Amino acid sequence: MAVSLLALSAAGEAAPKLQPYTWATIPFGGGGYIDGFLYHPKVPNLLYVRTDVGGAYRFDYGHKSWIPLMDGFGRGDWDCFGTLSLAVDPNNAQRLYATCGLYLSDRVPQAGVIASDDQGRTWRKTVLPFRLGGNALGRGTGERLQVDPKNGDRLFLGTNQNGLWVSADRAKSFARVEGYPEKGVTFVLFGDGVIYAGSGTNTSEWQGSDGGGVFVSRDDGKTFSLIPGSPKLIPHQAAIDAGGALYVTFADGLGPHGVTNGAVYRLDPSGAWTDITPARPSATEPFGYSGLDLDRSHPGTLVVSTSDRYGTTHDDLYVSHDRGATWKGVSQAAVHRIDDYPWLKAYMGGDDKDGGARRNMGHWMDAVKINPFNADELVYGTGYGVWMTRDLSALDTGGTVAFDFADANIEETVVLGLESPPVGPRVLMAAGDVGGTAFDDFSKSPSHGLFTPENKTNQSVAFAALKSNVVVRSVDYEKVRGFISYDGAETWAPLPSSPPPLATADWQKHRAGKLSISAKATSMVWVPEGEGAYYSKDEGKTWTLSAGWPQMGRGAEVVADPAKDSVFYAYDRKAGAIVISDDGGATFRSLLSGVSTDGTQLRAMPGRSGDLWLATATGLYRVSDGKAVAIKNVDAAWAVTFGKAAKGAKTPAVYIWGKVEGVEGLWRSDDAGRGWVRINDDAHRFGQMRAIAGDPRRYGVLYISPDGRGTMVGEPASK
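Residues numbered from 1 in each chain as written. Predicted model: local features only at pLDDT ≥ 70, side-chain atom pairs only at ≥ 80, totals over all residues. Heavy atoms only, no water.

(A) Structural context of the state of the cysteines. Under the definition given, this model contains 1 disulfide. Through a disulfide, Cys-80 is tied to Cys-100; the S-S separation comes to 2.1 Å. Taking the torsion about the sulfur-sulfur bond, which here is approximately 95°, the covalent link between Cys-80 and Cys-100 counts as right-handed. One end of the pair, Cys-80, is in the loop between β6 (65–68) and β7 (86–89); the other, Cys-100, is in strand β8 (residues 92–100), and 20 residues separate them in sequence. (Disulfide = S-S within 2.5 Å. Helix = DSSP H or I, 4+ residues; strand = E, 2+ residues; numbered from the N terminus.)

Here it is as structure tokens:
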């Protein structure tokens, strides 16, 4: 079965008005799962990394920073930021391949394989007739994609649940390998005259697995059979030494969670399996194994990582110099340097399930590799970023193995709220998993670290428009669900109470949702996820259910009027209507009906009362005086925000992520939507945006939070 090739170009589209912008990451430093590294086997210092939701990167050794490789993909290819596997051509260092696909559900696009002839600077894409789970269970196994070392035109691709596929034309088309008998593949590996494949299958998108064992082909990939004696576990990763021995890590689940047992084995050329497990799981200490690599410059040396180890001990790396006969744990000699990333001090000291692991070596340690040209350099991934050492040999001499947090320019943080206030910090960010922070100095990670007290997920952050030093945030946390700051996010106090639906320890079923505050900070409106709206006029001491609130379902939020206190608005997508409260959220009534039902965001123009803008999948609307007026030439708007007005302009600058005259991009209007200029280019599309925010103090400056890429700043390029 052949599959089609799509070119990534904008051929045939009219040239838009374009203003050159520079785009840069605002340094925070991590926050996401690093699930695979790949060194080129023949070219020194050519290292790639893949992430589950933030795409792939190449390491710049000169600047000790990562170069993002997926920023040229647009909204239609948002799933390319879910990178399940990477592959290099061992005989051509310019060739790089990666998979596209975040989830296994039928609701998402079909997967793809992308190919580059310039180390990821540009790509072409081949669409596949199935899905791949870059953010599914088993994403830390691999690599599933491999280039034949004897034929650079041929690649094998292992899938989560659709068997094994092969390409004979450098990933322009793929056909299923009918001789592979299993549904799932965890890795593909070329040996001398053989091809190995690990078996393991997702039974659902989020949990469960079946299958297991290592398969081998001795007829150049036509047929595969289970190797006799293969452990009855799921193989995670594998490597072959110069003598032809195969090393494999195993677990009883696909990981990175749900693992309770595992082992490490060596398969000698004679066909004998030898158990070389460093530390054995038990009923009281359940865990498995996942990460694996060989030191090519020192035969017999290998490293493995444990998986999902949360007992009295925590995940660790083990190093052996005698083919697995004896081992030494790295954690006993490890020191982790975090001085450049103050947020890590709080994050690694957390008291949640992962806290103990983070204080040790980290959690979700499925990715580990040794530089094939420098055995002292070892890099490993965690659920929150990258650690790298350049003195691994100190483990053997009784010295310290010092790890740097090598996360510069990897910003996998998933942003859930983004605001730019007129005073105080330049940017306020609410994020999943790591909490939130305030940015002011864009040259380094925030010196104050995270919002304190720290919480794993901040669902929203908002400031009072006319009293901007007052900031509120909502959090997913078992005890306190909301916080308020009176000094521009420097210090925080817990809100005295939260709406009744949130008064439960089961926060996963009752997420915090969105919290808003009125222009002069006299009232707050809180919409817990999937619930009605609640208001408070006593700084959060009490919360009362708002009257007249429509049944909007999930994702509802309230927008405060920026010029008139106690006035709030909300967009009801189900009814295609906008509602208003002018009594601090106590009651809501219809403001305008008959508007679009495909709206994506409602925002209020700063400094003007009742000047609302509605972004929709079919256009952009300005709502005022009881009317909704479509903005000409805007075909779609998925997000809208405002920034400082241009010199001489009467209204703030308007920014959208959308389509203008058929061209997708980030756009700015200095005249309230009468004319538009595109401020990004095709090399900077960034997939899809989670949030955008214009700067009210600096004209032309826009902050964006692409999915899985943290927060970035764009500003007009200097002439």
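Once the structure has been displayed, the description carries forward.
(B) Examining the sheet that holds strand β26 (residues 302–307) more closely. The strand order across the open sheet formed by 4 strands is β25-β26-β27-β28, and the pairing between neighbours is antiparallel. Whereas interior strands pair on both sides, the edge strands pair on one side only; in this sheet they are β25 (288–294) and β28 (328–329). By the bridge criterion, 4 bridges tie β26 to strand β27 (residues 317–320) in an arrangement that is antiparallel. Within the sheet, the bridge partner assigned to Leu-302 lies in β27 and is Ser-320. (Pairing = 2+ DSSP bridges.)

(C) Quick peek at the packing of aromatic side chains. A full pass over the atoms with the stated rule returns 28 aromatic pairs. Ring geometry for Phe-59 and Trp-66: centres 4.6 Å apart, planes at 55°, overall tilted. A relative accessible area of 5% places Phe-59 in the buried class. Note on Trp-66: relative accessible area 1%, which makes it buried. When the ring of Tyr-341 is compared with that of Phe-405, the centres are 5.2 Å apart and the planes differ by 75°; the resulting orientation is edge-to-face. Of this pair, Tyr-341 sits in the loop between β29 (334–337) and α1 (342–348) while Phe-405 sits in strand β33 (residues 401–405); the two residues are 64 residues apart in sequence, bridging distant segments of the chain. Accessibility classification places Tyr-341 together with Phe-405 in one group, the buried group. Pairwise contacts between aromatic rings join Phe-28, Tyr-341, Trp-343, Tyr-347, Tyr-384, Trp-387, Phe-405 and Phe-439 into one cluster. Sitting over the ring of Trp-492, Arg-473 keeps its end group 4.4 Å from the ring centre. (Phe/Tyr/Trp six-rings, centres within 6.5 Å; stacked < 30°, edge-to-face > 60°. Buried < 20%, exposed > 50% of the residue type's maximum accessible area, 1.4 Å probe, protein only. Lys NZ or Arg CZ within 6 Å of the ring centre and 35° of its normal.)

(D) Summary view of the pairing of β25. Among the 7 residues that make up β25, 7 are buried, leaving the element largely enclosed by the rest of the structure. Where β25 and β26 come together, 5 bridges link them in antiparallel fashion. Directly across from Tyr-289, in β26, lies its bridge partner Thr-306.

(E) Inspection of the environment of Val-319 at higher detail. With respect to the helices and strands, Val-319 occurs in strand β27. In this structure Val-319 comes out as buried when scored by relative accessible area, which is 7%. C-alpha separation for the pair Val-319 and Thr-301, spaced 18 residues apart in sequence, amounts to 7.2 Å. The residues contacting Val-319, other than those within four sequence positions of it, are Thr-301, Leu-302, Val-303, Thr-326, Trp-327, Lys-328, Val-330 and Leu-395. (Contact = heavy atoms within 4.5 Å.)

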